[in-house]
Each structure stands twice: as C-alpha cells, then as structure tokens.
Amino acid sequence: MLKSALDLYPTVMAQLALKKGANSNAQISKDDCEMRESLPDKASIDSEELMKLFRVKQMKGIVRPNGPQVQSNKTSEVVKVTTKAFALIRAKVDDVDAKIVEAITEMESLQGVGPATASLVLSYISPESCAFASDQVLDVLNRDSSRDYKIADIVHANQELRATIEKVGGIGEWTPESLGMALFVLGKANDPKVKGILNKLLSSWNSAKGHGKRRAESAEHDKTDEDPPPKKVKVQ
C-alpha cells in the first residue's frame, strides 16, 4: 500500500493544484517534482528557490500569511543561511536528531521560516535525514500531542519514520521523506478531489484485472481436446 501511495504522489499533487484553483499552482506542482531532482546536489539555494519551496508548502497544507516575510529575505542572506543549514543536515554524524535540530534552528534565522517550512526545505536537500513535517505525517506519528509544529515534534516524527523503515526492512529502499510522502497521499485520501482520482485509478486497475481474467477464461474455453495439457511449473 505504501509503495502504491508513493507512486501516486505526483498525481495527488496535480489534483491539489487543480483544487486550489490558481493557474500558477500547476507550475508549483511541476516545481515540486523538478526540485526533488535538482536540489540534493546544491550547496545552497537563493531567495527565488526558497519562495518556490514555500509555495509548495502552502499548496500541500494550510495557507499561512507569512509569504511576504519569506519573500523579503535577500538572496545573499538566504545563500548564507542555507549553506550552513545544508552542511549541518548532510553531516556524517551518528546523532541524526541533533543535526535536524541544528539545521532547522539555522533555517529559522530567515524571515518567515518556522520549523515546518525549514523541515520542507531540508527534506529536498537530505531526504534520508529529514522528512517534511506535513500535517498528515504529524497526525499519524505524533498522536499523543497537538499539531503545533515545534522542533521537538518534527524530531519525534522523524524518529518514528526511521523506526518504521527499520521495522519493515526498508533501509536502502525508503527514506524518511519518501515514507512521509506516502503518508501524505494516504492522509489526503479523504479529500474529495484526491479521493475522486484515487477511486478512478482503483477502478481502472480493477477493470484491467477483470479484463485480463475474462481473456484468460475465454482462452481456456476455446481450447480443443487435442490441446496438450499445460505443463506444471514448480514455484520457487
């Protein structure tokens, strides 16, 4: 189920773009996919890239009024802060929790950037270290606490993601961020727009399975008595 949910992530993001209504949201969904490919190799980002990431966060969750603050950051300051934050989150250390705290704290020195926004930025840079603290991730993994987006909550959510990956034997296949993306899709399953596209895909898959079954039954029915019996295949 989780792998299927992760595969549906681009589709769900496209549906959210349609739901939000603005023409620019289609570009935000595209930016999301492109930045997941390009940002892991970057030593820093500029103010324009920071705003692109912030818009992704806004589309994925609750719209916050701090956009003008984020936009007010000068490129020189964004480059300076993200250079240090990215080095911290990429550090080869045993204490992953500590480097998440240090990197988020550094990111918070930028105007309008709180722990959740910082976690989103870091999830693109080092998905194996930090997942975006989406509402869906926090709701699933921090059940005993309110959704208040504190650094401690983000650290705890990432601890749970790493533990889950280890428990299911997914080390090397899953990262905290990819698992978080799957949980995001599953959490959005009750959204009317998303639910509609998921139902359509499930119907399509079931229809394809049914069509394949009918073809197999038809082929079996058309066999003559002269047909040789099928060979038995030993399952390894």
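These numbers were taken from a predicted model, which means no experiment stands behind them.

Draft legend 1. View of helix H7 (residues 96-107). Look at H7: 17 Å from first C-alpha to last across 12 residues, which is about the 16 Å you get at 1.5 Å a residue. Along H7, the residues classified as buried are Val-96, Asp-97, Lys-99, Ile-100, Ala-103, Ile-104, Glu-106 and Met-107. Buried residues along H7 sit in contact with helix H6 (75-90), helix H8 (115-125) and helix H10 (151-167). One side-chain oxygen at the N-terminal end of H7 lies 3.4 Å from the backbone nitrogen of Asp-97; it belongs to Asp-95.

Draft legend 2. The arrangement of the nonpolar core in detail. Ile-45, Leu-53, Met-107 and Leu-122 are the most contacted members of the largest nonpolar core, which has 58 residues in total. Counting residues per element, this core draws most heavily on H8, which supplies seven residues. Not counting residues within four places of it along the chain, the set of residues in contact with Met-107 comprises Val-81, Thr-82, Ala-85, Val-113, Ala-118, Val-121 and Leu-122.

Draft legend 3. Inspection of the packing of aromatic side chains at higher detail. One pass over the full model with this rule turns up one aromatic pair. Above the plane of the ring of Tyr-124 lies Arg-36, whose end atom (NZ or CZ) is 4.4 Å from the centre. The positively charged end of Lys-60 is found above the aromatic ring belonging to Phe-184, 4.6 Å away from the centroid.

Draft legend 4. Up close: the side chain of Ser-126. Looking at where Ser-126 falls in the secondary structure, it is placed in the loop between H8 and helix H9 (135-141). Reaching out from Ser-126, the side chain makes a polar contact with the side chain of Ser-129 at a distance of 2.9 Å.

Draft legend 5. Layout of the pattern of salt bridges. Taken as a whole and assessed by the stated rule, the structure comprises six salt bridges. Note that Asp-32 and Arg-36 form a salt bridge whose closest N and O atoms lie 3.2 Å from each other. In this pair, Asp-32 and Arg-36 both sit in helix H3 (residues 24-38), four residues apart, roughly one turn of the helix. The burial state of Asp-32 is the same as that of Arg-36; both residues are buried. Residue Glu-49 pairs with Lys-42 through a salt bridge whose shortest N-O separation is 2.6 Å. Among the residues examined, Lys-42 registers a relative accessible area of 29% and is labelled partly exposed. One network of salt bridges, with partners in common, ties together Asp-32, Arg-36 and Glu-177.

Thresholds applied
Residues numbered from 1 in each chain as written. Predicted model: local features only at pLDDT ≥ 70, side-chain atom pairs only at ≥ 80, totals over all residues. Heavy atoms only, no water. Helix = DSSP H or I, 4+ residues; strand = E, 2+ residues; numbered from the N terminus. Expected span 1.5 Å × (residues − 1). Buried < 20%, exposed > 50% of the residue type's maximum accessible area, 1.4 Å probe, protein only. Contact = heavy atoms within 4.5 Å. Polar contact = N/O pair within 3.5 Å; in protein donor to acceptor, adjacent residues only side chain to side chain. Core = buried A, V, L, I, M, F, W, Y, C linked by side-chain atoms within 4.5 Å. Phe/Tyr/Trp six-rings, centres within 6.5 Å; stacked < 30°, edge-to-face > 60°. Lys NZ or Arg CZ within 6 Å of the ring centre and 35° of its normal. Salt bridge = Lys/Arg side-chain N within 4 Å of Asp/Glu carboxyl O.

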